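# Structural features, examined
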Amino acid sequence: AAGFECPQGSGNPMELFSYTQFYWAVPHKGAPAYQLFGCKYIVVPKGAQPGGEGIWPVFEEDATIDLHLNTNAMNRVWLVYDTAPVPSIEAANEIIFAAEFDPARVATVEGGPDLESTGAETGAPGTIEVWAYRPNRATFGVTTSERALLILSDMGYPGWRAWVDGAPAPIYKTDGIFRGVIVPPGEHRVEMRFFPHSLRLGLGLAAMAAWLILVGAGLYSYLRRSLEGHGEGHGGTPAPT
């Protein structure tokens, strides 16, 4: 209602089960997995204790709620240079919910490649410029010295497609429920767009329906003119207009 971005969307009643399951599986707000949501501020009931180390109150002037600052929160988008390929979300969860998990350095990828670059140890230089970040489209300028995984703290919902420098690129389910794209060394443009198959099918059916309506209207007009011309040519009464 206030226009803030939040990991739970805007109160959508069709909230995804995979997200809800992941959210409530996080043991506490100080856990490494909670950093993946990118929540810098946490709204809590009045007088509630901070959820873990690195979280403290920053606004207590409201009568019903307090606002806590989460200094552990990840950015909305970041790079990692070490990945752990997993066959399923259950295998990913075993890594993500472990106390020693470090989301800033390693990420799980379901069916993705195994990156073991030196960037994981040396903090390989990499920069991200946000060129566009909208609900159905995100575009970034990425510069990296080594092959990296670009991660968005957004749901890996079916229907998202990705391009690196205009060429199609696979989107890997990263850290359980998020989106990741492999970026080669150098400077690149990475774009993601949401255009699901169901939407394409709906647009196709709508176009077909419109075409049928136009054909039907044209055929009706042609037959009407033909009948009017036939009546006049045989001395009959012209059809009413």
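Scroll up to find the structure this text is about.
What this report covers is the structure whose coordinates are included nearby. (Residues numbered from 1 in each chain as written. Predicted model: local features only at pLDDT ≥ 70, side-chain atom pairs only at ≥ 80, totals over all residues. Heavy atoms only, no water.)

## Examining the packing of aromatic side chains
Our working rule: For Phe, Tyr and Trp, where Trp contributes only its six-membered ring, two rings pair if their centres lie within 6.5 Å, and the inter-plane angle classes them as stacked under 30 degrees, edge-to-face over 60, or tilted in between. Put simply, DSSP H or I for four residues or longer makes a helix, DSSP E for two residues or longer makes a strand, and each gets a number counted from the N terminus. We call a residue buried when its accessible area falls under 20% of the maximum for its residue type, exposed when it is over 50%, and partly exposed in between, using a 1.4 Å probe and counting protein chains only.
Scanning the model with the defined rule gives twelve aromatic pairs in all. Measuring from centroid to centroid gives 5.8 Å for tyrosine 19 and phenylalanine 37, while their planes differ by 75 degrees, and the two rings are edge-to-face. Of the two residues, tyrosine 19 is situated in helix H1 (residues 17–25) and phenylalanine 37 in the loop between H1 and strand S1 (41–45); the sequence distance between them amounts to 18 residues. Judged by relative accessible area, which is 3%, tyrosine 19 ranks as buried. Here tryptophan 160 and phenylalanine 194 contribute two aromatic rings whose centre-to-centre distance is 5.5 Å and whose plane-to-plane angle is 45 degrees, an arrangement assigned as tilted.

## Some points on H1
Under the convention used in this document: By definition, the arc is the one covered by directions from the helix axis to the C-beta atoms. Contacts were defined at the residue level, with two residues in contact if any of their heavy atoms lie within 4.5 Å.
What H1 keeps buried is the set Tyr19, Phe22 and Tyr23. Across the axial projection of H1, the buried residues extend over an arc of 100 degrees, all falling on one side. Away from the buried face of H1 by more than 90 degrees, exposed residues Phe17 and Trp24 are located. Along its buried surface, H1 packs onto helix H2 (89–96), strand S9 (148–155) and strand S13 (178–183).

## Re the pairing of strand S2 (residues 55–59)
Going by this rule: For two strands to pair, DSSP has to find at least two bridges joining them.
Sheet topology places S2 next to strand S3 (residues 65–70); four bridges connect them, and they run antiparallel. Across the sheet, the residue bridging to isoleucine 55 is asparagine 70, located in S3. Taken together, S2 and the strand that follows it, S3, pair antiparallel across an intervening segment of five residues.

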